[in-house]
Amino acid sequence: MSAHYLSPTFEAGKHLFLKDIQGPIINMNLIKLKKEADYSQYPDLQPSEKTSGWDAYFTYIRETEPFLKESGGEIIFIGKGDQFLIGPENEYWDICMLIKQKSVNDFFSFEKNEAYMKIVGHRIAAIEDSRLLPLEEILSYKK
(Lines give C-alpha, C1' and ligand atoms only; values in the text may rest on other atoms or scores of the structure.)
Protein backbone atom coordinates (compact mmCIF):
# COMPACT_ATOMS: atom_id res chain seq x y z
CA MET A 1 0.00 0.00 0.00
CA SER A 2 1.33 3.43 -0.89
CA ALA A 3 1.87 6.17 1.67
CA HIS A 4 -0.80 8.77 2.32
CA TYR A 5 0.04 12.36 3.10
CA LEU A 6 -2.33 14.28 5.34
CA SER A 7 -0.13 16.82 7.14
CA PRO A 8 3.28 18.41 6.65
CA THR A 9 6.31 16.98 8.42
CA PHE A 10 8.50 19.09 10.69
CA GLU A 11 11.34 18.73 8.18
CA ALA A 12 9.19 19.98 5.28
CA GLY A 13 8.06 23.00 7.33
CA LYS A 14 11.65 23.76 8.31
CA HIS A 15 12.74 23.54 4.67
CA LEU A 16 10.03 26.01 3.62
CA PHE A 17 10.96 28.41 6.43
CA LEU A 18 14.70 28.25 5.65
CA LYS A 19 14.13 29.07 1.96
CA ASP A 20 13.54 32.63 3.19
CA ILE A 21 11.02 33.41 0.46
CA GLN A 22 10.37 37.13 0.25
CA GLY A 23 6.84 38.04 -0.75
CA PRO A 24 3.74 35.99 -1.42
CA ILE A 25 3.45 32.26 -1.98
CA ILE A 26 0.76 30.26 -3.74
CA ASN A 27 -0.02 26.90 -2.15
CA MET A 28 -1.15 24.33 -4.70
CA ASN A 29 -3.27 21.69 -2.97
CA LEU A 30 -4.22 18.37 -4.57
CA ILE A 31 -6.90 16.53 -2.60
CA LYS A 32 -8.19 12.96 -2.87
CA LEU A 33 -11.38 12.52 -0.84
CA LYS A 34 -12.80 9.56 1.06
CA LYS A 35 -16.20 8.36 -0.12
CA GLU A 36 -17.46 8.68 3.46
CA ALA A 37 -15.90 11.06 5.99
CA ASP A 38 -14.32 9.35 9.00
CA TYR A 39 -14.73 11.41 12.16
CA SER A 40 -13.49 8.67 14.52
CA GLN A 41 -10.55 10.87 15.60
CA TYR A 42 -12.78 13.95 15.96
CA PRO A 43 -16.13 12.84 17.41
CA ASP A 44 -16.87 16.38 18.67
CA LEU A 45 -16.98 17.60 15.04
CA GLN A 46 -18.98 14.67 13.68
CA PRO A 47 -22.30 15.63 12.06
CA SER A 48 -25.47 13.88 13.27
CA GLU A 49 -25.75 11.97 9.97
CA LYS A 50 -23.13 10.20 7.86
CA THR A 51 -21.51 12.59 5.43
CA SER A 52 -19.37 12.26 2.32
CA GLY A 53 -15.73 13.25 2.16
CA TRP A 54 -16.82 15.93 -0.32
CA ASP A 55 -19.30 17.51 2.11
CA ALA A 56 -16.87 17.27 5.05
CA TYR A 57 -14.12 18.91 3.03
CA PHE A 58 -16.31 21.83 1.99
CA THR A 59 -17.43 22.22 5.61
CA TYR A 60 -13.72 22.54 6.38
CA ILE A 61 -13.26 25.14 3.61
CA ARG A 62 -16.25 27.25 4.75
CA GLU A 63 -15.14 27.18 8.39
CA THR A 64 -11.48 27.83 7.51
CA GLU A 65 -11.94 30.75 5.13
CA PRO A 66 -12.41 33.41 7.87
CA PHE A 67 -9.10 32.37 9.51
CA LEU A 68 -7.40 32.36 6.12
CA LYS A 69 -8.65 35.89 5.35
CA GLU A 70 -7.66 37.07 8.83
CA SER A 71 -4.09 35.96 8.11
CA GLY A 72 -4.07 37.84 4.79
CA GLY A 73 -4.66 34.74 2.68
CA GLU A 74 -7.22 34.09 -0.01
CA ILE A 75 -8.58 31.22 -2.03
CA ILE A 76 -7.70 31.94 -5.66
CA PHE A 77 -9.16 28.81 -7.24
CA ILE A 78 -11.00 25.61 -6.35
CA GLY A 79 -11.59 23.15 -9.15
CA LYS A 80 -12.89 19.63 -9.55
CA GLY A 81 -10.14 17.28 -10.66
CA ASP A 82 -9.90 13.95 -12.46
CA GLN A 83 -7.08 11.91 -13.97
CA PHE A 84 -4.03 13.62 -15.44
CA LEU A 85 -3.77 14.57 -19.09
CA ILE A 86 0.01 14.29 -18.65
CA GLY A 87 0.96 12.04 -15.76
CA PRO A 88 0.26 8.62 -14.31
CA GLU A 89 -2.94 7.14 -15.77
CA ASN A 90 -3.96 5.58 -12.46
CA GLU A 91 -3.48 8.76 -10.41
CA TYR A 92 -6.32 11.22 -9.93
CA TRP A 93 -7.21 14.07 -7.59
CA ASP A 94 -10.74 15.11 -6.68
CA ILE A 95 -9.94 18.76 -5.98
CA CYS A 96 -7.21 21.21 -6.92
CA MET A 97 -7.04 24.38 -4.90
CA LEU A 98 -4.76 27.42 -5.09
CA ILE A 99 -4.38 29.56 -1.98
CA LYS A 100 -2.38 32.77 -1.86
CA GLN A 101 -0.61 33.88 1.32
CA LYS A 102 1.11 37.25 1.67
CA SER A 103 4.19 35.50 3.09
CA VAL A 104 5.51 32.24 4.48
CA ASN A 105 5.25 33.75 7.99
CA ASP A 106 1.57 34.55 7.41
CA PHE A 107 1.05 30.95 6.27
CA PHE A 108 2.67 29.60 9.45
CA SER A 109 0.61 32.01 11.59
CA PHE A 110 -2.56 30.72 9.92
CA GLU A 111 -1.54 27.09 10.51
CA LYS A 112 -0.87 27.75 14.22
CA ASN A 113 -4.13 29.62 14.91
CA GLU A 114 -5.77 27.85 17.87
CA ALA A 115 -9.32 28.44 16.61
CA TYR A 116 -8.34 26.99 13.22
CA MET A 117 -6.78 23.96 14.91
CA LYS A 118 -10.20 23.17 16.48
CA ILE A 119 -11.80 22.64 13.04
CA VAL A 120 -8.95 20.94 11.16
CA GLY A 121 -10.59 17.60 12.02
CA HIS A 122 -13.06 18.17 9.18
CA ARG A 123 -10.10 18.08 6.78
CA ILE A 124 -8.62 14.93 8.31
CA ALA A 125 -12.03 13.23 8.30
CA ALA A 126 -12.57 14.10 4.62
CA ILE A 127 -9.31 13.37 2.84
CA GLU A 128 -7.73 10.11 1.81
CA ASP A 129 -4.55 11.69 0.48
CA SER A 130 -3.18 15.12 -0.37
CA ARG A 131 -0.26 17.09 -1.72
CA LEU A 132 0.67 20.68 -0.94
CA LEU A 133 3.28 22.44 -3.02
CA PRO A 134 4.26 26.00 -1.97
CA LEU A 135 5.03 28.03 -5.11
CA GLU A 136 7.26 31.08 -5.25
CA GLU A 137 6.69 33.42 -8.18
CA ILE A 138 9.50 33.59 -10.72
CA LEU A 139 9.88 37.22 -11.72
CA SER A 140 13.09 36.86 -13.72
CA TYR A 141 11.29 35.39 -16.74
CA LYS A 142 9.98 38.89 -17.52
CA LYS A 143 13.49 40.25 -18.21
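Scroll up for the structure.
Parameters at a glance
- Residues numbered from 1 in each chain as written.
- Predicted model: local features only at pLDDT ≥ 70, side-chain atom pairs only at ≥ 80, totals over all residues.
- Heavy atoms only, no water.
- Buried < 20%, exposed > 50% of the residue type's maximum accessible area, 1.4 Å probe, protein only.
- Helix = DSSP H or I, 4+ residues; strand = E, 2+ residues; numbered from the N terminus.
- Arc of directions from axis to C-beta.
- Polar contact = N/O pair within 3.5 Å; in protein donor to acceptor, adjacent residues only side chain to side chain.
- Phe/Tyr/Trp six-rings, centres within 6.5 Å; stacked < 30°, edge-to-face > 60°.
- Lys NZ or Arg CZ within 6 Å of the ring centre and 35° of its normal.
- Pairing = 2+ DSSP bridges.
- Axes fitted to C-alpha atoms, helices over the stretch in contact; angles between N-to-C directions.

## Considering helix H3 (residues 104-112)
Okay, step 1: Taken together, the buried positions of H3 are Val-104, Phe-107, Phe-108 and Phe-110. Along the axis of H3, the buried positions cluster into a sector of 155 degrees, meaning they face one direction only.
Okay, step 2: For H3, the capping residue at the N-terminal end is Ser-103, with a side-chain oxygen 3.4 Å from the backbone nitrogen of Asn-105.

## Describing the packing of aromatic side chains
Okay, step 1: Counting across every chain of the model gives 7 aromatic pairs.
Okay, step 2: Taking 5.0 Å as the distance between ring centres and 45 degrees as the angle between the ring planes, the aromatic pair formed by Trp-54 and Phe-58 counts as tilted. Of this pair, Trp-54 and Phe-58 both sit in helix H2 (residues 53-70), separated by 4 residues, roughly a single helical turn.
Okay, step 3: With a relative accessible area of 18%, Phe-58 lands in the buried category.
Okay, step 4: Between Phe-107 and Phe-108, the ring centres sit 5.7 Å apart and the planes meet at 45 degrees, which makes this aromatic pair tilted. Each member of the pair, Phe-107 together with Phe-108, is buried.
Okay, step 5: Cluster of aromatic residues (ring-pair linked, three or more members): Trp-54, Tyr-57, Phe-58, Tyr-60, Phe-110 and Tyr-116.
Okay, step 6: Residue placement shows Lys-32 over the ring face of Tyr-92; its charged tip is 4.6 Å from the ring centre.

## With respect to unusual backbone geometry
It is generally the case that most residues other than glycine have a negative phi and that most peptide bonds are trans.
Okay, step 1: The backbone of Asp-20 shows a phi angle near 55 degrees, a positive value even though the residue is not glycine.
Okay, step 2: Mapped onto the secondary structure, Asp-20 falls in the loop between helix H1 (10-18) and strand S1 (25-33).

## Brief notes about the environment of Asp-44
Okay, step 1: Summarising the element assignment, Asp-44 is placed in the loop between S1 and H2.
Okay, step 2: Taking the relative accessible area as the measure of exposure, Asp-44 reaches 66% and is therefore exposed.
Okay, step 3: Expressed as a C-alpha distance, the spacing of Asp-44 and Lys-118, which sit 74 residues apart in the sequence, is 9.8 Å.

## Re the sheet that holds strand S4 (residues 127-136)
Okay, step 1: The strand order across the open sheet formed by 4 strands is S2-S3-S1-S4, and the pairing between neighbours is antiparallel. Looking at the sheet topology across the chains shown, the edges are occupied by strand S2 (74-80) and S4. Recorded for the sheet is a direction-independent mean angle of 15 degrees between the axes of neighbouring strands.
Okay, step 2: Across 6 bridges, the pairing between S2 and strand S3 (residues 95-101) is antiparallel.

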